[in-house]
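Reading the structure
Chain by chain, the residues:
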Amino acid sequence: MKMNTTNRTGTQRGLSLVEMLTAVAVLSVVASLSVGSWSELIGKLRLQSVAQELAADVQLARSTAVALNRAVRLDVQQQATGACVVAYTGAQGACQCDLQGVPVCTAQASVVKSHWLPAGGAITVAANVASMRFDPTIGTVSPTATLRASLPDGRA
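Note that the coordinates shown come from a computational prediction; the quantities given were computed from them, not determined experimentally.

1. Here we look at the pairing of strand β7 (residues 131–134)
One ladder, built from four bridges, connects strand β1 (residues 72–79) with β7; its direction is antiparallel. Paired with R73 across the bridge in β7 is R133.

Now the structure itself:
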């Protein structure tokens, strides 16, 4: 008795091993090309998130100064272990971040908001001034400053 391995139309059913291996090879090439795109996208999204948080910190410092009718300062303090962004009431230098990014203030100062970006992370933050002071009467800042969030590859 002779066995028939084809269906009624005479065509083979299923995929051969060579066809399957070719499909897997093509999919692996496409996947490896997209990994770079995904890592760039993740870096870009993290950078946008930190930049939006810095913008929110500036706005919060300004609105808090006007609401409390007290000067509010915003500092970006570089430590060996990372960068600390702290908004506080009081004189310049009244709040300093420790090595873990926790702000420690004198009795005359209080923290409005702070956050910590550890060293060696994907994003670094820097400012071109030591401290920004937000005026309580009209909400202006002095001195004007540039806050910069950047990735290791230079994108900012």
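Structure's up, so let's keep going.
2. Brief notes about the state of the cysteines
In the structure shown here, the tally under the stated rule is two disulfides. Across the disulfide, C84 is cross-linked to C97 (sulfur-sulfur distance 2.0 Å). The sign of the -45 degrees torsion about the S-S bond sets the C84-C97 disulfide as left-handed. Here C84, found in strand β2 (residues 82–89), pairs with C97, found in strand β3 (residues 95–97); they are 13 residues apart in sequence, far enough to count as distant. By the burial criterion, C84 is buried, and C97 matches it. Note on cysteine connectivity: C95 is disulfide-linked to C105, with sulfurs 1.9 Å apart. Its S-S torsion of about 110 degrees marks the bond between C95 and C105 as right-handed, since a negative value means left-handed. In this pair, C95 is assigned in strand β3 and C105 in strand β4 (residues 103–105), connecting sequence segments 10 residues apart.

3. Let's talk about the environment of A25
Mapped onto the elements, A25 comes out in helix α1 (residues 17–68). Owing to a relative accessible area of 39%, A25 belongs among the partly exposed residues under this scheme. Distance from A25 to T124, taken between C-alpha atoms, is 39 Å for residues 99 residues apart in sequence.

4. Focus: the sheet that holds β1
On the basis of which strands lie adjacent, the open sheet formed by five strands has the order β5-β2-β1-β7-β8 and antiparallel pairing. Two strands in the sheet have a free side with no partner beyond their single neighbour: β5 (110–118) and β8 (141–142).

5. Comments concerning the side chain of Q77
Position of Q77 relative to the elements: it lies in strand β1. Residue class for Q77 comes out buried when judged on its relative accessible area of 9%. Within the local environment of Q77, its side chain forms a polar contact with the backbone oxygen of C95, the two atoms lying 3.0 Å apart. A distance of 2.8 Å separates a polar atom in the side chain of Q77 from the backbone nitrogen of C97. Not counting residues within four places of it along the chain, the set of residues in contact with Q77 comprises G82, A83, C84, V86, C95, Q96 and C97.

6. Section: the pattern of salt bridges
Pairs can form between side chains of opposite charge once their charged atoms are near each other. Evaluated as defined, the whole model comprises four salt bridges. Measuring nitrogen to oxygen at the nearest pair gives 2.8 Å for the salt bridge that ties D57 to K113. Of this pair, D57 sits in helix α1 while K113 sits in strand β5, placing them 56 residues apart in sequence. You can call K113 partly exposed: its relative accessible area is 29%. Put simply, D153 and R155 hold a salt bridge, and the shortest N to O gap is 2.9 Å. The class of D153 is exposed, set by a relative accessible area of 53%. The exposure class of R155 is partly exposed, given its relative accessible area of 32%. Here the salt bridges do not stand alone but share partners, grouping E53, D57 and K113 into one network.

Calculation notes
- Residues numbered from 1 in each chain as written.
- Predicted model: local features only at pLDDT ≥ 70, side-chain atom pairs only at ≥ 80, totals over all residues.
- Heavy atoms only, no water.
- Pairing = 2+ DSSP bridges.
- Helix = DSSP H or I, 4+ residues; strand = E, 2+ residues; numbered from the N terminus.
- Disulfide = S-S within 2.5 Å.
- Buried < 20%, exposed > 50% of the residue type's maximum accessible area, 1.4 Å probe, protein only.
- Polar contact = N/O pair within 3.5 Å; in protein donor to acceptor, adjacent residues only side chain to side chain.
- Contact = heavy atoms within 4.5 Å.
- Salt bridge = Lys/Arg side-chain N within 4 Å of Asp/Glu carboxyl O.

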